[in-house]
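Here's the letter readout for the chains.
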Amino acid sequence: MKLRFLSRTFCAITLCSPLLAGLSGCAGEPSQPEQTAAKQMAAEPATATGLRHAFAPYFLLGTALSQAQISGAESSIQPLLAQHFNSLTAANLMKWENIEPVEGQFDFSGSDALVALAKAQGSVVIGHTLLWHQQTPAWVFRGPDGQPASKALLLERLSRHIQTVVGRYRGQIKGWDVVNEALNEDGSLRNSEWRQILGDDYILTAFRLAQEVDPAVELYYNDFNLYKPEKRQGVLRLVKQLQDAGIRVAGIGMQGHYGLQSPLLSEVEDSIRAYAATGAQVMITELDISVLPWPEQVAGGAEISHKLALEQKLNPYAAGLPADVAAQHSQRYVDLFRLFLKYQASINRVTLWGVHDAESWLNNFPMLGRTDYPLLFDRQQQAKPVVAVLTQLAQQFGTSCAVVQVNQTGYLPSASKQALVQGAIAPQQFRIFDASGTVVFAGQSSAPADWALTAPADRRLAAEKVATLDFSALQQPGFYQLQLQNDCPLTPFRVAPAVYSAVHDGAIKAFYFNRASTALSPEHAGPYARAAGHPDEQVIVHASAASASRPAGTQFSAPKGWYDAGDYNKYVVNSGVSTYTLLQAYSDFPAFYANRQWQIPESGLGSAKNAMPDLLAEVQWNLDWLRAMQDPFDGGVYHKLTNLTFDGVVMPKDATKPRFVVQKTTAAALNYAAVLAKASRVLAAFPADQAQAAGYATRAVDYAKSAEAAWRWALAHPDVVYRQPADVKTGAYGDDVLSDEFAFAAGALYLQNGRADYLAAFEAFRQKAGPLQVAGWANPLALVVAELAVTPVVPAALRATLQQQMTGLANEFVRQQQQSPAALALVENDFVWGSNAVALNKAMLLLQSARLLGTDAAGKIQQQQYQQAAQGLVDYVLGRNPTGYSYVSGFGSKTPQHLHHRPSEADGVTAPVPGWLAGGANPGQQDGCVYPSKAPAKSYSDTECSYASNEVAINWNAPLVYVLAALLN
């Protein structure tokens, strides 16, 4: 989470505080030092960093631009934009009447210029707006005969408009105000021509069209007076309807057309809290603060149809703004921004509706010809003194307070719930509020203690103090906000029974996104659709892999499979451990996966009788490739299928280097044997009629025979370790210790066919392998041990030994958690390449060990300890860590944006492919990139450069899938 806590003294900014002492209207004179500081601040139009930089850690700061400002006619504002704003919106140029004034004739000159300006300024673009009842040409609602258009015709026009406009700016615009101002003040639907012709579901139609055209763009609903309770309820109903229909409502735009006294801050706060509870981000849009009296005959808000004649009594400041009113105006901005900072975890953007007072729409609304002063910059484009105050407000935000990190996905109702506090020097009191603002839980943190993992190895005296907040007793599902001191910002989190469903499905769908030899269609991949690459139908046998039956240069076909990581190569040992983990997830939770789908091509194929569950369909894609990696003549297995060198940052279709299979190895043969034996057993377990109809039975027999052939090859070649040929520069996955692989394969083969010789081989190699370790590509033994430990046919004495090994290791992890100031079962040796996978493999072993325990009181206590330790490791990966990152792309409030993953880098889509687990903190920093710290738990760099901490890999995602499935079950 991007939460930094604000000190009580700093939050007490008032009109007469030192921050505003340079403004008129204070009742007393400050002391000389304060007065001097205030005068220095007030004399500066802005600090060197400017507003955009000061608020960047918390939310975007935007402005709306006129046609002259976008075109460059008012070029004098461009330095001001570059210094203060990082989000740009066209006030009018992207509305229907300007972008499609005549049917079918689009004018993109203004919007193209806006996109170019934003790119040059390093800003994002917000599209405003696709559908509105105002500023839409009359022809849109009329048929050829001049009568109201038919529903079909209007729908055709809306579809064409959205497809054309959204399609043109796909990947160039951060988000769209899809629908603007569709509600009445009582929360009911405005009876606009859109509604009259298309019906009540026209809003859903517009959102669905935009989502189909650009599935990655953010979609918003935007309206005024959303602080009013009746209208708030209407928005909440609307958003729920959209979400229930499968629409991703990314944000709710609360237009901020406010006055000096209205609305009350409490009304704005109530709405921010309510809208955040929907799961959407809150946007403060169209912010301006009028200093003028409001006509009695006009309701507040932004109903632009009001155009009253000028009355001088309602235009009192035509000659200039009195100092006391200017001070009130400044204080109003400070109060609002202090509120926005309090809720900065829920607010994504604050947009001012205009750059300077001279071009504000309020000069002519609701009365023509008035002189208003609503913005942060005056008519001469100079920053008002409040700009410096707001800059300092942001810069000082949280500098003397603790940082709170939570699981950004959320917590299960009955699970342990903890947050991490960084930088506290004394125990912290905390409160938790529900969506209504009621305190539902209060407590105190643990005593802060030095956590060695937050300091480099040679500077352990500089370790950061951390503490934990425990709110496990909070079990009622809902949306909550956690707060330390009274004046501190709020940390949002959610409690729900299926809280990990979306991230689970994203983590397994990541494998689909990494499929080789196939195109990804828009239907299944959305904005990450791509052309096919690496058909691998003419793979060359490398000299290191040559045999009499397949000499060097021989070509054969080995398509499909998953790209291993951020590169486009395929490696048997890593693929093997990944596939086995996913198969084990299916074996342990068959009911959970039986009908679970995540929109891959195989989803729902065939009848209910022979349709393969999505998880097995995904695994099958990789099994088809693995099966081709075995030499049919001798049973040996090639170590990898690869280029000779890594591809550049290109899409798969553009990576056309020759592909080779390289060296047969013992490790590859044994991994292959274990996985194929496991797959055989899973497929054979289906009912006979279903297995026969779907071809499972044939595959099961073939896989079993193939696994035994690989085992025989390994026995005949027991020490063929991988040695990288001089002309091959891709990943090695070399392993010189093979006893664990022999035990892994023997155990899997025993489970498949029950032969005593495999059990004997397993036991012999297991003892040779030494103490049990968490699973990984170099030591996969724990995967099969976990299954043998609960299989009744395994001899009781051996089963008891395996259980003792597992619980012994689990007990060590519990000890690590209990001794950690952060309540995390992590030690320094865990922070290696792929440290997040280490954490999840620990969690997997803990959860597998929990099922071994008895049902007596002692067993239940121990089981609870295992589950708590596992939950802590999941929390760590999903945000409760010193970096504040939820390490799974696309899931959380602060996630990796620059994964070392070639498709994510080369596809032209701003956001990376979702569902990928980044490798995580790695003090080894083998890539030589820039890191913020050398401390083990902080050594993470969200850059494409950082393959040592920010690459993805299938063997890292696999335990994430397993653990989330286990928690959901």
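The rules behind these values
All residue numbers refer to position in the chain's written sequence, counted from 1. In keeping with the model being predicted, local features are shown solely for residues with a pLDDT of at least 70 and side-chain atom pairs are shown and tallied solely at 80 or more, while totals for entire chains, interfaces and linings include all residues. The basis for every side-chain value is the complete set of heavy atoms in the structure, and neither hydrogens nor water enter the calculation. In DSSP terms, a helix is any run of H or I states spanning at least four residues, a strand is any run of E spanning at least two, and both are numbered starting from the N terminus. Radius of gyration here is computed from C-alpha atoms only, and the compact-globule reference equals 2.2 Å multiplied by the residue count raised to the power 0.38. Note on exposure labels: buried denotes an accessible area under 20% of the residue type's maximum, exposed denotes more than 50%, and partly exposed covers the range between, all computed with a 1.4 Å probe on protein chains only. Note on contacts: a residue pair is in contact if any heavy atoms of the two residues lie within 4.5 Å. Where accessible areas are quoted, they stem from the Shrake-Rupley method and a 1.4 Å probe; at the residue level, only the protein chains shown are allowed to cover. A residue counts as positive if it is Lys or Arg and as negative if it is Asp or Glu; His and the chain ends are not included. To locate a charge, take NZ of a lysine, CZ of an arginine, CG of an aspartate or CD of a glutamate. Here, the term disulfide refers to a pair of cysteine sulfur atoms separated by no more than 2.5 Å. For two strands to count as paired, DSSP must find a minimum of two bridges between them. Every axis corresponds to a line fitted to the C-alpha atoms, with the helix fit spanning only the stretch in contact, and the corresponding angles, defined between N-to-C directions, vary from 0 to 180 degrees. Angles are sorted into four bins: roughly parallel if under 35 degrees, roughly antiparallel if over 145, roughly perpendicular if 65 to 115, and oblique for all others. Put simply, a crossing is left-handed when the front helix is turned counterclockwise from the back one by less than a right angle, and right-handed when it is turned clockwise. Amino acid classes used here: Ala, Val, Leu, Ile, Met, Phe, Trp, Tyr, Cys and Pro are nonpolar; Asp, Glu, Lys and Arg are charged; the rest, including Gly, are polar. Take the buried residues of types Ala, Val, Leu, Ile, Met, Phe, Trp, Tyr and Cys, join any two whose side-chain atoms come within 4.5 Å, and each joined set is a nonpolar core. Salt bridges are identified by distance alone: a Lys or Arg side-chain nitrogen within 4 Å of an Asp or Glu carboxyl oxygen. For every residue, the predictor states its confidence as a pLDDT score lying anywhere from 0 to 100. Classification of ring pairs rests on two measures: the distance between centres of Phe, Tyr or Trp rings, Trp counted by its six-membered ring, which must be within 6.5 Å, and the angle between planes, read as stacked under 30 degrees, edge-to-face over 60 and tilted in between. Placement of a charge over a ring requires the Lys NZ or Arg CZ to be within 6 Å of the ring centre, with the centre-to-atom vector within 35 degrees of the ring normal. UniProt positions are given in the numbering used here, feature names are shortened, and annotations may be inferred rather than shown by experiment. Whenever a nitrogen or oxygen atom comes within 3.5 Å of another N or O atom, the pair is scored as a polar contact, on the condition that within protein one atom can donate a hydrogen and the other can accept it, and that pairs from neighbouring residues in sequence are kept only if both atoms are in side chains.

Draft legend 1. Structural view of the overall build of the chain. Counting its regular elements, the chain contains 30 helices and 21 strands. Taken over C-alpha atoms, the radius of gyration comes to 31 Å for the chain, in line with the 30 Å a tight globule of 969 residues would show. Based on the C-alpha atoms only, the size of the chain along its principal axes is roughly 100 × 70 × 55 Å. Burial statistics for the chain: of 969 residues in total, 60% are counted as buried. Considering only contacts within the chain whose residues lie at least 6 apart along the sequence, 73% involve residues at least 24 apart. A total of about 34400 Å² of accessible surface is found on the chain, and carbon and sulfur atoms cover 53% of it. A gap of 3 Å separates the mean positions of the 73 positive and 82 negative side-chain charges of the chain.

Draft legend 2. Structural view of the state of the cysteines. For the structure on display, the rule yields one disulfide. Between the sulfur atoms of Cys929 and its disulfide partner Cys945 the distance amounts to 1.7 Å. Looking down the S-S bond of the Cys929 and Cys945 bridge, the torsion is -90°, so its handedness is left-handed. Of this pair, Cys929 sits in the loop between helix H29 (902–906) and helix H30 (954–968) while Cys945 sits in the loop between H29 and H30; the two residues are 16 residues apart in sequence, bridging distant segments of the chain.

Draft legend 3. Spotlight on the sheet that holds strand S13 (residues 449–451). An order of S9-S10-S14-S13 is seen for the four strands of this open sheet, with the pairing classed as antiparallel. Only two strands of the sheet have a single neighbouring strand rather than two, namely strand S9 (403–405) and S13. In this sheet, neighbouring strand axes are inclined to one another by 40° on average, regardless of whether the strands run parallel or antiparallel. In this sheet, strand S14 (residues 464–470) lies alongside S13 in antiparallel orientation, the contact comprising three bridges. The residue bridging Trp451 from the neighbouring strand is Glu464, located in S14.

Draft legend 4. Structural context of helix H25 (residues 781–788). In terms of residue burial, H25 counts as a mostly covered element, since eight of its eight residues are buried. Those residues of H25 not exposed but buried are Leu781, Ala782, Leu783, Val784, Val785, Ala786, Glu787 and Leu788. In this structure, the buried residues of H25 make contact with helix H17 (572–588), helix H20 (666–684), helix H23 (739–753), helix H24 (756–769), helix H26 (796–819) and helix H27 (835–850).

Draft legend 5. Representation of the packing of H27 against helix H28 (residues 857–877) within the structure. The geometry of H27 relative to H28 is characterised by a closest axis approach of 9 Å and an angle of 160° between their N-to-C directions. With respect to each other, H27 and H28 are oriented roughly antiparallel. As H27 runs across H28, the sense of the crossing is left-handed. Every residue of H28 that contacts H27 at Asn836, Ala839, Leu840, Lys842, Ala843, Leu846, Leu847, Ser849 and Ala850 is listed here: Gln863, Tyr866, Gln867, Ala869, Ala870, Leu873, Tyr876 and Val877. Of the residues in the contact of H27 with H28, the class split is twelve nonpolar, four polar and one charged.

Draft legend 6. Inspection of the nonpolar core at higher detail. Tyr593 and Phe762 are the most contacted members of the largest nonpolar core, which totals 162 residues. Sort the elements by how many residues they give to this core and H20 lands first, with 13 residues. Apart from residues lying up to four places away in sequence, Tyr593 is in contact with His504, Ala585, Tyr586, Trp598, Pro613, Leu615, Val961 and Ala965. Core analysis: the next-biggest nonpolar cluster, separate from the first, contains 109 residues, Trp96, Val282, Leu336 and Phe433 among them.

Draft legend 7. Main features of the packing of H17 against helix H19 (residues 614–628). Running from N to C, H17 and H19 point in directions that differ by 150°, and their axes come no closer than 10 Å. In terms of orientation, H17 and H19 fall into the roughly antiparallel class. The handedness of the crossing between H17 and H19 comes out as left-handed. Touching Val572, Ser575, Thr579, Leu582, Leu583 and Tyr586 of H17 are Leu615, Leu616, Val619, Asn622, Leu623, Trp625 and Leu626, all from H19.

Draft legend 8. Region of interest: the sheet that holds strand S12 (residues 439–444). Spatial ordering of the open sheet is given by S12-S11-S15-S16, a layout of four strands whose pairing is antiparallel. Pairing within the sheet leaves two strands with one partner each, and these edge strands are S12 and strand S16 (491–495). Taken pair by pair, the neighbouring strands of this sheet meet at an average axis angle of 25°, ignoring direction.

Draft legend 9. Seen up close, the pattern of salt bridges. In total, this model carries 38 salt bridges according to the counting rule given. Residues Lys174 and Glu218 are paired through a salt bridge, measuring 3.2 Å at the closest nitrogen-oxygen approach. Of the two residues, Lys174 sits in the loop between helix H8 (151–168) and strand S4 (175–180) while Glu218 sits in strand S5 (residues 218–223), which places them 44 residues apart along the sequence. Residues joined by salt bridges that share partners form a network here, namely Glu100, Glu103, Arg157 and Arg160.

Draft legend 10. Representation of the confidence of the model for the chain in the model. For the chain, the mean per-residue pLDDT works out to 92, and 93% of the residues sit at or above 70. Taken together, the stretch residues 1–48 has pLDDT below 50 and engages in 110 contacts with residues farther than four places along the chain or on a different chain.

Draft legend 11. Fine view of the pairing of strand S11 (residues 429–433). In this sheet, S12 lies alongside S11 in antiparallel orientation, the contact comprising five bridges. The residue bridging Ile432 from the neighbouring strand is Phe441, located in S12. Taking the residues that link successive antiparallel strands as the turn, the S11-S12 hairpin has five residues, and the phi of Gly437 there is positive, at about 90°. Looking at chain direction, S11 and strand S15 (residues 478–483) are connected through three bridges and run antiparallel. From the neighbouring strand, Arg431 faces S15, where its bridge partner is Gln483.

Draft legend 12. Structural detail: unusual backbone geometry. The amide bond that connects His128 to the next residue, Thr129, takes the cis arrangement and shows omega of 0°. Tracing the sequence through the fold places Thr129 in strand S3 (residues 124–132). Cis geometry marks the peptide bond from Ser262 to Pro263; its omega dihedral reads 0°. Structurally, Pro263 is set in the loop between strand S6 (249–259) and helix H12 (265–276). One non-glycine residue, His534, lies in positive phi territory at about 50°.

Draft legend 13. Local environment of the packing of aromatic side chains. Applying the stated rule across the entire model yields 41 aromatic pairs. Here Phe742 and Phe765 contribute two aromatic rings whose centre-to-centre distance is 4.5 Å and whose plane-to-plane angle is 10°, an arrangement assigned as stacked. With Phe742 in helix H23 and Phe765 in helix H24, this pair connects stretches of sequence that are 23 residues apart. Judged by relative accessible area, which is 4%, Phe742 ranks as buried. With centroids separated by 6.4 Å and ring planes inclined at 75°, the aromatic side chains of Phe831 and Tyr876 adopt a geometry described as edge-to-face. Taken together, the residues Phe831 in the loop between H26 and H27 and Tyr876 in helix H28 connect sequence positions 45 residues apart. Residue classification places Phe831 among the buried residues on the basis of a relative accessible area of 5%. Aromatic ring contacts, followed pair by pair, group Phe55, Phe59, Tyr333, Phe337 and Phe340 into a single cluster. A cation over a ring is seen here: Arg515 above Trp621, with NZ or CZ 4.7 Å from the ring centre. When the ring centre of Phe556 is taken as reference, the NZ or CZ atom of Arg550 above it lies at 4.0 Å.

Draft legend 14. Region of the structure containing the UniProt feature "active site" (unreviewed entry) in the chain. With numbering matched to this structure, UniProt assigns "active site" (unreviewed entry) to His900, Asp942 and Glu951. What stands out for the annotated residues spanning 52 residues is how close their C-alpha atoms remain, the widest pair being 9.5 Å apart. Its location among the elements puts His900 in the loop between H28 and H29. Sequence-distant contacts of His900, defined by excluding residues within four places in its chain, comprise Gly566, Glu905, Glu944, Cys945, Ser946, Tyr947, Asn950, Glu951 and Val952. A distance of 2.7 Å separates a polar side-chain atom of His900 from the backbone oxygen of Glu944. Within the secondary structure, Glu951 is located in the loop between H29 and H30. Look past the residues within four positions of Glu951 in its chain and what remains in contact with it is Ala565, Gly566, Asp567, His900, Leu917, Ala918, Gly919, Ser946 and Trp956. Within polar-contact distance, the side chain of Glu951 engages the backbone nitrogen of Gly566 at 3.0 Å.

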